[in-house]
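Below, each chain spelled out in residue letters.
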Amino acid sequence: SAVCAKTTVLTADRMIDVDNGKLIKNAVVVIEDNDIVAAGARRTVDIPANAEVHELGDYTLLPGLMDMHVHLTSDATKHGYKGLADSLPRVTLTGVKYAKATLMAGFTTVRNVGAPGFADVALRDAINDGDIEGPRMFVSGPSLGVTGGHCDNNLLPYEFHTVSEGVADGPWAVREIVRRNIKYGATVIKFCGTGGVLSKGTKVGVQQYTFEEMQALVDEAHMRGLTVATHAHGTDGIKTAIKAGVDSVEHVSLLDDEGIALALEHGTYFSMDIYVTEYILGEGAKAGILEESLAKERIVGKRQRENFEKAVKAGVNMVFGSDAGVYPHGDNGKQFARMVRFGMTPMQAIQAATIHPATLLKQQDTLGSLSAGKKADIVGVKGNPLDDISLLENVGLVVKDGHIVKPVAM
Ligand code: ARG
C-alpha cells in the first residue's frame, strides 16, 4: 500500500520573506513531511485538500532561528573555578538540558563552537537519532588554541599539567588537530586567534597564532570542506585571521577601519555577541567569573557595541552569534533588541539569524528561509517582530524538520 506524505499547513497574518527582505501578509506555509513545498501570500498558494491546517491568526512566521556561537555544554552559573568540578559526562548531560531549551526558544540550528571531549558530537548524534530534543547542530569539537592561550585552560598551576584538548603549536600540529577533530565528527573548525575575556592570564588585544599557523589551519579545514570560525577580540588577530581566509570572526571587539575593509574584501562574516556583556557585568561575579575577566569585560563590551554599529553601517556580512552558555541558554533571543539598538533594522537582525547563517554554513539550499524545497524549520511569534523585535524573545511556535516541537499555547 502506498504511504501518503503527511501535509501540514500553517496560516498566519504575516510571514517574513528573508530572501527579499519583505513582510508578506496573509501567509500560508505548506509542509510535506520534512520540507516546505510552498510558502507565500494566501492567494498564491494552493492548500491541499487533505492537509492538517493550523490557523495562527495574529502571528508572524519566520524561518527557524540560527545562532552561530553557542556552547551547549556550558552552564552560565559555573564560570572560572566553579567549572572545574564537572566531569565530561556531567557537561554532556548539561548539553542535553540546554539543547532542548535552545530549541524551545526558536533556535532550530546552532553552531557549537568549542566543547570538551566531543560532547557536542554526541549531542548532535543523539538529536539526529531522535533520542533527545535539540536544534540542528554544526559542531567543532575542542577549539584549537596556542599553549596558554584563550582556548587552553590556565586556571591550575604547572604541577597539574592541564592542557586543553585543542592545544596545538605550529603549522603541522594545527593541521593534525584539524584532522583529528574531523575524524571524531567535527563539521566546523574553531580556533582562538587572540586572548579572551573569560580566560585567566590572556590579553584580549594580543594575537595568538602566527599568520603561518592560521593559514595552515584554514588551508587544512578548507581542503576537507569545513568552514573556520575564529575567536578574535584584538585588532591584529582579527585582521590576520581574515587575511588567512577564515570564514567568520567571533566577537570582533577591537575592530579598526582596516579590519572592516578586509572583511568586505574577503566576504568574511562577523559574529558579534553584543548581549552577553550585560550578563557578565550583572551576574558574572556570582557565577564565578574572575575579577580580571570582569575588568576586561568593562573595556571590551562597550567597544564591541560601537564597532558592531560601524560594521553594520559598512555592510559587512553579519550573523547572529550569542555565546549562550556564558549566559543562560534559551535567552539567546535577547540579543535581537541590542542588534537593533546598535544599528540594524529589524529585518537585518532577522536576516542575520536566518539566511546569513545558512549561507555561512553553506546550507542556503536547505535552510534559512521559508521557501519551497527547504527544510521545514519554522517559528511563529505573536504580533509583528518588525514593529517590536523583542517579540523574538518569546517564540510561540517551533517547527523543526516538519515536526511541531512546540505548539502554540492556546
Ligand atoms: N567567550 C568570550 C571571551 O571570553 C566572551 C566575551 C564576551 N564579551 C563580549 N563583550 N562579547 O572572550
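Everything below is about the structure shown above.
These figures come from a predicted structure and were not determined experimentally.

Cut-off values and rules
Residues numbered from 1 in each chain as written. Predicted model: local features only at pLDDT ≥ 70, side-chain atom pairs only at ≥ 80, totals over all residues. Heavy atoms only, no water. Pairing = 2+ DSSP bridges. Helix = DSSP H or I, 4+ residues; strand = E, 2+ residues; numbered from the N terminus. Axes fitted to C-alpha atoms, helices over the stretch in contact; angles between N-to-C directions. Contact = heavy atoms within 4.5 Å. Parallel < 35°, antiparallel > 145°, perpendicular 65-115°, else oblique. Left-handed = near helix turned anticlockwise from the far one by under 90°. Phe/Tyr/Trp six-rings, centres within 6.5 Å; stacked < 30°, edge-to-face > 60°. Buried < 20%, exposed > 50% of the residue type's maximum accessible area, 1.4 Å probe, protein only. Near = heavy atom within 4 Å. Polar contact = N/O pair within 3.5 Å; in protein donor to acceptor, adjacent residues only side chain to side chain. Areas by Shrake-Rupley, 256 points an atom, 1.4 Å probe, with all protein chains shown as cover. Nonpolar A, V, L, I, M, F, W, Y, C, P; charged D, E, K, R; others polar.

Examining the sheet that holds strand 8 (residues 136-139)
Strand order across the open sheet formed by 3 strands is 6-7-8, with parallel pairing between neighbours. Strands at the two margins of the open sheet, each flanked by one partner only, are strand 6 (65-70) and strand 8. When the angles between neighbouring strand axes are averaged without regard to direction, this sheet yields 15°. Here strand 7 (residues 107-112) pairs with strand 8 via 4 bridges, running parallel. When the sheet's bridge partners are listed, Thr109 is paired in strand 8 with Arg136. Its contacts with the sheet place helix 2 (residues 119-128) against strand 7 and strand 8, and it is angled at close to 155° to strand 8.

Description of the packing of helix 4 (residues 211-223) against helix 5 (residues 235-244)
The contact between helix 4 and helix 5 brings their axes to 9 Å, and the two run at 45°. Classed by the angle they form, the pair helix 4 and helix 5 counts as oblique. At the point where helix 4 passes helix 5, the crossing takes the right-handed sense. Facing helix 4, whose interface residues are Phe211, Met214, Gln215 and Val218, helix 5 presents Gly237, Thr240, Ala241, Lys243 and Ala244.

Re the packing of aromatic side chains
Taken as a whole, this structure holds 6 aromatic pairs when the rule is applied. Each ring, one from Phe107 and one from Phe320, has its centre 5.4 Å from the other, and the planes form 40°; the classification is tilted. Taken together, the residues span a long stretch of sequence, with Phe107 in strand 7 and Phe320 in the loop between strand 13 (317-319) and helix 9 (334-341) at a distance of 213 residues. Phe320 matches Phe107 in its accessibility class, with the two residues each being buried. For the ring pair Phe191 and Tyr209, a centre distance of 5.8 Å and an interplane angle of 65° mean the geometry is edge-to-face. Remark: Tyr209 occurs in the loop between strand 9 (188-192) and helix 4 and Phe191 occurs in strand 9; sequence separation between them is 18 residues. Each member of the pair Phe191 and Tyr209 is classed as buried.

Re the site of the ligand
The local shell around the ligand holds 15 residues, among which Val197, Leu198, His233, Glu297 and Asp323 are the closest. Val197 places a main-chain nitrogen or oxygen 2.8 Å from an oxygen atom of the ligand. Asp273 has a polar side-chain atom sitting 3.0 Å from a nitrogen atom of the ligand. About the coverage of the ligand: the protein hides 97% of its 340 Å² of free accessible area. When contributions to the shell around the ligand are tallied by element, the ones reaching two or more residues are helix 7 (276-283) and helix 8 (291-314). Of all the elements, helix 8 adds the most residues to the shell around the ligand, at 4 residues. Looking at the shell around the ligand residue by residue, the class counts come to 5 nonpolar, 7 polar and 3 charged.

Structural notes on the sheet that holds strand 10 (residues 227-232)
Across the sheet, which stays open at both edges, the 5 strands sit in the order 9-10-11-12-13 with parallel pairing between neighbours. Two strands in the sheet have a free side with no partner beyond their single neighbour: strand 9 and strand 13. When the angles between neighbouring strand axes are averaged without regard to direction, this sheet yields 25°. Two strands pair when backbone bridges link them, and strand 12 (residues 269-271) and strand 13 are joined in this way by 3 bridges, in the parallel orientation. Its bridge partner being in strand 13, Tyr269 is matched across the sheet by Asn317.

A short note on unusual backbone geometry
For Lys362, which is not a glycine, the phi torsion comes out positive at approximately 60°. In this structure, Lys362 sits in the loop between helix 11 (355-360) and strand 14 (378-382). The exposed category is assigned to Lys362, whose relative accessible area is 59%. A positive phi angle, near 55°, is found at Asp401, a position not held by glycine. Mapped onto the elements of the fold, Asp401 is located in the loop between strand 15 (397-400) and strand 16 (403-406).

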